[in-house]
Amino acid sequence: MAALKDLLPPVKSTTSTYYDHSNDPWFKQRFSSSEAEQTTVVAHKQVPPYLERKGFIPRRVEDFGDGGAFPEIHIAQYPLDMGRNKSAKPGSKILPLTVDAHGNVAYDAIVKQNENAKKIVYSQHKDLIPKMLRNDEDRDADEDEDLQKEIEETTHETKAALEKIVNVRLSAAQPKNVPKQSSESKYIKYKPSQQSAAFNSGAKERIIRMVEMPVDPLEPPKFKHKRVPKASGSPPVPVMHSPPRPVTVKDQQDWKIPPCISNWKNPKGYTIPLDKRLAADGRGLQDVQINDNFAKLSEALYVAEQKAREAVAEIKGSKGDDDERKGKEGAGTAGISSESSF
């Protein structure tokens, strides 16, 4: 009896629709029959044991051995080339050592790549110092020339942009630049589909004159101009901050801002205690200071009062002496008159 394979027709396609494990290097290393195939597969390196992998950096496929990535090694890892961007250009990404105009090593070349190539990147300490605080010794003649050249270029670009805007406005305001209306007309001859005396006044053909509709030059545009968002420019100069410090309880209490209490408005209708309202008025925060002139005035009034009292006392004393003298004189004259009468 013939086998089933001999009875079936030959296959049309030799490509396998399932995953061919025989071409996988992982299976080749373990299940290949011949020694030649075992020598062609990738030879895995001996991976250091756990807690002894200091300085071990897996870069290639054979560095991962038989497993996946190592979580204790904090670099980008691609076991079996999974996740690696194969469309990127091959080659080393190490930048060559470059120097600036003064011969110093340009360490900021790494931050001036790709999208930052045309931007101004502030990466030096002198960029953080304001120009007003820089010494004249730090300013070189080359920097002054570059700054002057940049100022001139910016001035020319600004002037050209302003002139362009002004010319557009002037040309739009001039009446000679009003767009002319095309007076050309077209004549179209056609036959109506309904040929009857009841339609088209019985005419079998009709002629239409096609004229372009006039446009009002002062009519506002019927569509809105959508501006394209501006590309991101050069980043600003970074501001250096001190390292963060833990916030203490005293700092939290000092930064606690009490709620605002107004003497005029109370939209929520809260019942505010009188001491809180007086504290919100700020009267307790003010130090009462009495002017020295008040003490001088009170002292002057006191001295004036004492002098007035002394003057009044002197006047009363002088009047009493006069009255007593007059009384004595009156008594003496009365005795003399009585003696003469007898």
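Each value, and the rule that gives it
Residues numbered from 1 in each chain as written. Predicted model: local features only at pLDDT ≥ 70, side-chain atom pairs only at ≥ 80, totals over all residues. Heavy atoms only, no water. Helix = DSSP H or I, 4+ residues; strand = E, 2+ residues; numbered from the N terminus. Buried < 20%, exposed > 50% of the residue type's maximum accessible area, 1.4 Å probe, protein only. Contact = heavy atoms within 4.5 Å. Areas by Shrake-Rupley, 256 points an atom, 1.4 Å probe, with all protein chains shown as cover. Phe/Tyr/Trp six-rings, centres within 6.5 Å; stacked < 30°, edge-to-face > 60°. pLDDT = per-residue confidence, 0-100. Salt bridge = Lys/Arg side-chain N within 4 Å of Asp/Glu carboxyl O.

The name an unreviewed UniProt entry assigns to the protein is SKI-interacting protein SKIP SNW domain-containing protein, from the organism Hevea brasiliensis.

Caption draft 1: Quick look at the overall build of the protein. Of regular secondary structure, the protein possesses 7 helices and 2 strands. A burial count over the protein gives 6% of its 342 residues as buried. By sequence separation, contacts in the protein at least 24 residues apart represent 21% of the contacts at least 6 residues apart. Approximately 32800 Å² of the protein is accessible, and the part contributed by carbon and sulfur atoms is 58%.

Caption draft 2: Fine view of the packing of aromatic side chains. For the structure on display, the rule yields 2 aromatic pairs. Ring centres 5.8 Å apart and planes at 80 degrees place the aromatic pair phenylalanine 56 and phenylalanine 70 in the edge-to-face group. Linking phenylalanine 56 in the loop between helix H3 (35-40) and helix H4 (141-173) with phenylalanine 70 in the loop between H3 and H4, this pair joins segments that are 14 residues apart in sequence. Pair check on accessibility: phenylalanine 56 and phenylalanine 70 agree, each one buried. For the ring pair phenylalanine 64 and phenylalanine 70, a centre distance of 6.1 Å and an interplane angle of 10 degrees mean the geometry is stacked. With a relative accessible area of 3%, phenylalanine 64 lands in the buried category. Pairwise contacts between aromatic rings join Phe56, Phe64 and Phe70 into one cluster.

Caption draft 3: The confidence of the model for the protein, seen in detail. Of the residues in the protein, 79% have a pLDDT of 70 or more, and the chain-wide mean is 78. Looking over the protein, one finds the lowest element-wise mean pLDDT in H3, namely 50, and the highest in helix H5 (residues 249-254), namely 92. Taken as a whole, residues 338-342 scores under 50 in pLDDT and shows 0 contacts with residues more than four places along the chain or in a different chain.

Caption draft 4: The arrangement of the pattern of salt bridges in detail. Enumeration according to the criterion identifies 8 salt bridges in this entry. The salt bridge involving aspartate 108 is made with lysine 112; its shortest N-O contact spans 3.4 Å. You can call lysine 112 partly exposed: its relative accessible area is 34%. Residue glutamate 205 pairs with lysine 189 through a salt bridge whose shortest N-O separation is 3.0 Å.

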